[in-house]
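Report on the structure
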Amino acid sequence: MEQRLFSKPWRRVILGLALAGTSAVLFTLAFPPYGLWPFIFFGLVPMIVAQHRVMPQRLGSVAYAVGIGGFFAGYFGAMFAQAPWFMQALPLFIALIAGLGSLRERAFHRRTGYRWLLLHGPAVWVGIEMIRGLIPQIGTWGFAAYALFEQVWFIQPVSVFSIYGLSVLILSVNYALGLGALALFDGRWRLETATIPVKRELALKGVLAVGIVVVTWGVLSAALLHQPPADLRVAAIQPAMAVRTDEGVEELARLTQQAADAGAQLVVWHEGALPFDPQVTLTEELQALARETHVHLVIGYVVEAPAGFRNESVLVTPEGEFLGPFGKDHPVAWSGETSVTRGPFQAYPTDLGPIGMMICYDLDFTDTARRLTRAGARLIAVPSLDWPAIAAKHYTHLVFRAVENRVAAVKADIAFDSAIIGPYGRILQRSVTPEGRREILVADVALGTGTAPSVQLGDWVGWLSLAAMAAFSIADVILGRD
């Protein structure tokens, strides 16, 4: 019965596609809103077996395309339902790139006896993550490491290796288990006479080596994890409304007063909370608000300028001093958004400590938070203006920006996903709902130290993976011909 399953090429194709689709589903379920994070460590194994064994030789890349493209289709879901066609078709583009890029992989690994599979798989995946992290339309969305955003006990080495290091670890586990699955498969079936079986000794060594790395990573994470005293009370205002009238400003002021009554010393409003520059309009009223509530107030606002939009935020001290503004560094390019005043990347000295600001989409890239931390920021205020389809995922990226830089972060959204995060990635308060609701999040946080090695080292693991991917691509061309 089992041999009959593989007897016809079309049966192998159907089974291979089913296995690749299984990987797509498992990886999708590892992320919010499902949160089945352990799947991230073995979700690709069915796809690896399909790509290198079950699918006919020349169709192995199809399994890879279906697995990767299917994951991104499930991950993005309806996120880009109102976006331009090229963003809606993004999973298809990713599938095509994955399929074309893996055309020679199976032949390459057959010729090299699968000695390089354990390095090749993670290098290609994370190398592509590095490229995606530099593309304005995509950023770090869909990075494998984001599935572990709540596993504070395990993610601390990100402060050394950045998010790319954790992705390498995750993919290494997948490919070590995949190598073991191929060895078990070869011990039972030989579907093609030209197949070079994976030696069990090779697979065992791979699993053992990766297991040691995982344990070492876990021990390092435990050593790096601390619980510093939280002595700064902060608040994120989520009004669940757009401010376009005087009544709207009054409502934000009322919510700010409530946060101050709860002891908040820093209050953050959402991106575009005001349709005007607060240093030009209602200036005295906003200074009075900060003065009367004794809070440091971060205000997001958008003003149309001749060259485009000034999407900015400013910090008002209790003394009425305006610090900033900061202009959004990464506008949402695919939506046509502009930001004509990007930066400056400064940490503003206050009685509470040095505070930096970034805006919404900035948190999806590793560079903005790093530049602010290098400038001295120990807490980063993040006004945001999200939409319902990204509520379950977007705030999770900020966990990694906090750990990568050892800074606290306060994300205030208009209605869908606000969060207060400590410098070790603990989510102290959050409000996450696609339906939107009014919230005042208040929590005590510790200022970060800004001393994470990755602040100076940057995305070094990502660049190393990209270099390894380029080297393997050359080797694929040389050795991957049939």
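You'll find the structure just up there.
**Some remarks on the pattern of salt bridges**
Overall, the coordinates contain 14 salt bridges when judged by the stated rule. With a closest N to O distance of 2.6 Å, Arg438 and Glu251 form a salt bridge. With Arg438 in the loop between β10 (427–432) and β11 (439–445) and Glu251 in helix α11 (residues 246–261), the pair connects residues that are 187 residues apart, well separated along the chain. Classification of Glu251 as buried rests on a relative accessible area of 15%. In this structure, Lys411 and Asp417 form a salt bridge, with 3.1 Å as the shortest nitrogen-oxygen distance.

**Some words on unusual backbone geometry**
The step from Pro32 to Pro33 runs through a cis peptide bond, and the omega angle for that step is 10°. Summarising the element assignment, Pro33 is placed in the loop between α2 (9–29) and α3 (45–54). In this structure, Pro325 follows Gly324 across a cis peptide bond, with omega equal to 10°. Positive phi, normally seen in glycine, also occurs at Arg406, with a value near 55°. Positionally, Arg406 belongs in the loop between α15 (396–405) and β8 (408–412). On the basis of relative accessibility, which here comes to 5%, the residue Arg406 falls in the buried class.

**Describing the sheet that holds strand β3 (residues 296–305)**
Reading across the sheet, the six strands line up as β5-β4-β3-β2-β1-β11 and stay open at both edges, with mixed pairing between neighbours. Across the chains shown, the open sheet's two edge strands, defined by having one partner strand only, are β5 (322–327) and β11. Adjacent strand axes in the sheet meet at a mean angle of 25° when their direction is disregarded. Across nine bridges, β3 lies against strand β4 (residues 308–316) in antiparallel orientation. Bridging from a neighbouring strand, Ala305 pairs with Gly308 of β4.

**Focus: the pairing of strand β7 (residues 379–383)**
Counting buried residues along β7, five of its five residues qualify, which places the element largely inside the surrounding structure. A two-sided burial pattern is seen for β7, the buried positions comprising Leu379, Ala381 and Pro383 on one face and Ile380 and Val382 on the other. In this sheet, β7 lies alongside strand β6 (residues 355–357) in parallel orientation, the contact comprising three bridges. Considered in β7, the bridge of Gly356 is made with Ile380. The handedness of the β6 to β7 crossover, carried by helix α13 (residues 366–374), is right-handed. As paired strands, β7 and β8 are joined by five bridges and run parallel to one another. Bridged to Ala381 within β8 is Val410.

**Brief notes about the sheet that holds β10**
Pairing is mixed in the open sheet, where five strands are placed in the order β6-β7-β8-β9-β10. Among the strands making up the open sheet, the edge pair consists of β6 and β10. The mean inter-strand angle of the sheet, taken between neighbouring strand axes irrespective of direction, is 15°. Here strand β9 (residues 417–421) pairs with β10 via five bridges, running antiparallel. Bridge pairing links Ser418 to Ser431 in β10. Across the sheet, α15 is in contact with β7, β8, β9 and β10; its angle to β9 comes to roughly 20°.

What counts and what doesn't
Residues numbered from 1 in each chain as written. Predicted model: local features only at pLDDT ≥ 70, side-chain atom pairs only at ≥ 80, totals over all residues. Heavy atoms only, no water. Salt bridge = Lys/Arg side-chain N within 4 Å of Asp/Glu carboxyl O. Helix = DSSP H or I, 4+ residues; strand = E, 2+ residues; numbered from the N terminus. Buried < 20%, exposed > 50% of the residue type's maximum accessible area, 1.4 Å probe, protein only. Pairing = 2+ DSSP bridges. Axes fitted to C-alpha atoms, helices over the stretch in contact; angles between N-to-C directions. Right-handed = clockwise from strand over helix to strand, strands pointing away. Contact = heavy atoms within 4.5 Å.

Purely geometric stuff here, so don't read any function into it on its own.
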